[in-house]
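Each chain, letter by letter, is given below.
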Amino acid sequence: MKRLTYLLPIGIVAVAIIMASVFIVDEREKALVLQFGQIKRVKEDPGIALKIPLIQEVVYYDDRILALDTDTIEVTPSDDRRLVVDAFARYRIEDLVKFRQAVGVGGLPAAETRLSSILNAQIREVLGADQVTSDTILSEDRRVLMNRIRDQAQVQARALGLNVVDVRLKQTNLPEQNLNATFERMRAEREREAADEIARGNEAAQRVRAQADRTVVELVSESQKEAEIVRGEADAQRNGIFAAAYGADREFFEFYRSLSAYEGAIKGENSSLVIAPDSEFFDYFNGANGVAK
């Protein structure tokens, strides 16, 4: 009985020591075994491992790909149009020893603060480089720029034991104070383009109208020319008929001409004539040419 009394505490102490000596690493984690703050061992494979109880401690770190959103910053491309940019990055802890040495007990918060500074500096450097305009940043070519930011940030992040997997620009906007000026400039450009189109349309309309007027003048002139030719031919035929009639019967021709003159003289409202009674105009009414009075 006395032996059982001694063995029970010893067993409890032994179980406690064994439990304190055993630690488990999840498949989503990595672990560092520290002894008085010094790195003694790295455990990256999942499973059960041992440590010296009370002397050594285990610090766990996430082994998954992590996300980091950067602060919104202003950049000035080569065309001097300021842009408001924020980005997000995907990273993971690649070298656990370097990571611990770089950030110490600060862990992920300290690492993300330093990584955010690296990313912001690279964003300003890449987007503010020569030949990089705001149009380039807003176009499909931004993928090349993001890859360049990732590669340059990767170089500096290795000193922290980090691997930058990807960098993407979330938004690229104009500063609020520049929006109105930009909208006004866009409106002015559109109004100028509209004025140019209207001017070109008016010019084309003037050309079409001038061509139409020219065509009308040419057609009228040609018609008048043809009409004068027809009229001249008709007058020639009429004179020929008159000449033939005059040669066939002179007295009848003169009589016909007098009747035509009477018709034209007293036609319409011209029914009153002041003329001497013995005028030759009324010879055929007076019977001077053998016609009955």
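Higher on the page you've got the structure.
Here the structure is a predicted model, which is why all the values come from computation and not from measurement.

(A) Broad picture of the overall build of the protein. Across its full length, the protein carries eight helices and nine strands. Counting every position in the protein, which comprises 293 residues, the buried fraction comes to 24%. Restricting to contacts in the protein with at least 6 residues of sequence separation, those with at least 24 account for 61%. By element, 55% of the accessible surface of the protein is carried by carbon and sulfur atoms, the whole surface being about 20,100 Å².

(B) View of helix 3 (residues 107–127). Taking 1.5 Å of rise per residue, the 21 residues of helix 3 would be expected to cover 30 Å, and the 30 Å separating its terminal C-alpha atoms lies within 8% of that figure. For helix 3, the full list of buried residues reads Gly107, Ala111, Leu115, Ser116, Ile118, Leu119, Asn120, Gln122, Ile123, Val126 and Leu127.

(C) Main features of helix 2 (residues 96–103). What helix 2 keeps buried is the set Leu96, Phe99, Arg100 and Val103. Along the axis of helix 2, the buried positions cluster into a sector of 95°, meaning they face one direction only. Summarising the contacts, the buried residues of helix 2 are in contact with strand 2 (29–35), strand 3 (38–43), strand 5 (56–62), strand 8 (83–93), helix 3 and strand 9 (162–173). The N-cap of helix 2, judged by a side-chain oxygen 3.2 Å from the amide nitrogen of valine 97 a few residues on, is aspartate 95.

(D) Broad picture of the side chain of threonine 70. With respect to the helices and strands, the residue threonine 70 is situated in the loop between strand 6 (66–69) and strand 7 (73–75). Threonine 70 gets classed as buried once you look at its relative accessible area, which sits at 7%. Once residues within four sequence positions are removed from consideration, threonine 70 is found in contact with Asp86, Ala87, Ser116, Leu119 and Asn120.

(E) How the structure looks around the packing of helix 2 against helix 3. At a closest axis distance of 10 Å, the pairing of helix 2 and helix 3 adopts a crossing angle of 80°. Comparing their axes, helix 3 and helix 2 come out roughly perpendicular. Facing Phe99, Ala102 and Val103 of helix 2, the residues of helix 3 in contact are Gly107, Leu108, Ala110, Ala111 and Arg114. The residue makeup of the contact of helix 2 with helix 3, split by class, is six nonpolar, one polar and one charged.

(F) A look at the sheet that holds strand 2. Pairing is antiparallel in the open sheet, where three strands are placed in the order 3-2-5. The sheet terminates laterally at strand 3 and strand 5, the two strands that pair on one side only. On average, each strand axis in the sheet is inclined to that of its neighbour by 30°, with strand direction left out of account. Pairing analysis gives seven bridges linking strand 2 to strand 5, with the strands arranged antiparallel. Along strand 5, the bridge assignment pairs glutamine 35 with glutamine 56. In this fold helix 2 packs onto strand 2, strand 3 and strand 5, with an angle of close to 60° to the strand it touches most, strand 2.

(G) Molecular detail of the environment of lysine 30. Here lysine 30 lies in strand 2. The buried category is assigned to lysine 30, whose relative accessible area is 7%. Residues contacting lysine 30, with those up to four places away along its chain left out, are Val25, Lys43, Glu44, Val59, Tyr60, Tyr61, Asp63, Ile93, Glu94 and Leu96. At 3.5 Å, the side chain of lysine 30 and the backbone oxygen of glutamate 94 are in polar contact.

Scoring rules and cut-offs
Residues numbered from 1 in each chain as written. Predicted model: local features only at pLDDT ≥ 70, side-chain atom pairs only at ≥ 80, totals over all residues. Heavy atoms only, no water. Helix = DSSP H or I, 4+ residues; strand = E, 2+ residues; numbered from the N terminus. Buried < 20%, exposed > 50% of the residue type's maximum accessible area, 1.4 Å probe, protein only. Contact = heavy atoms within 4.5 Å. Areas by Shrake-Rupley, 256 points an atom, 1.4 Å probe, with all protein chains shown as cover. Expected span 1.5 Å × (residues − 1). Arc of directions from axis to C-beta. Polar contact = N/O pair within 3.5 Å; in protein donor to acceptor, adjacent residues only side chain to side chain. Axes fitted to C-alpha atoms, helices over the stretch in contact; angles between N-to-C directions. Parallel < 35°, antiparallel > 145°, perpendicular 65-115°, else oblique. Nonpolar A, V, L, I, M, F, W, Y, C, P; charged D, E, K, R; others polar. Pairing = 2+ DSSP bridges.

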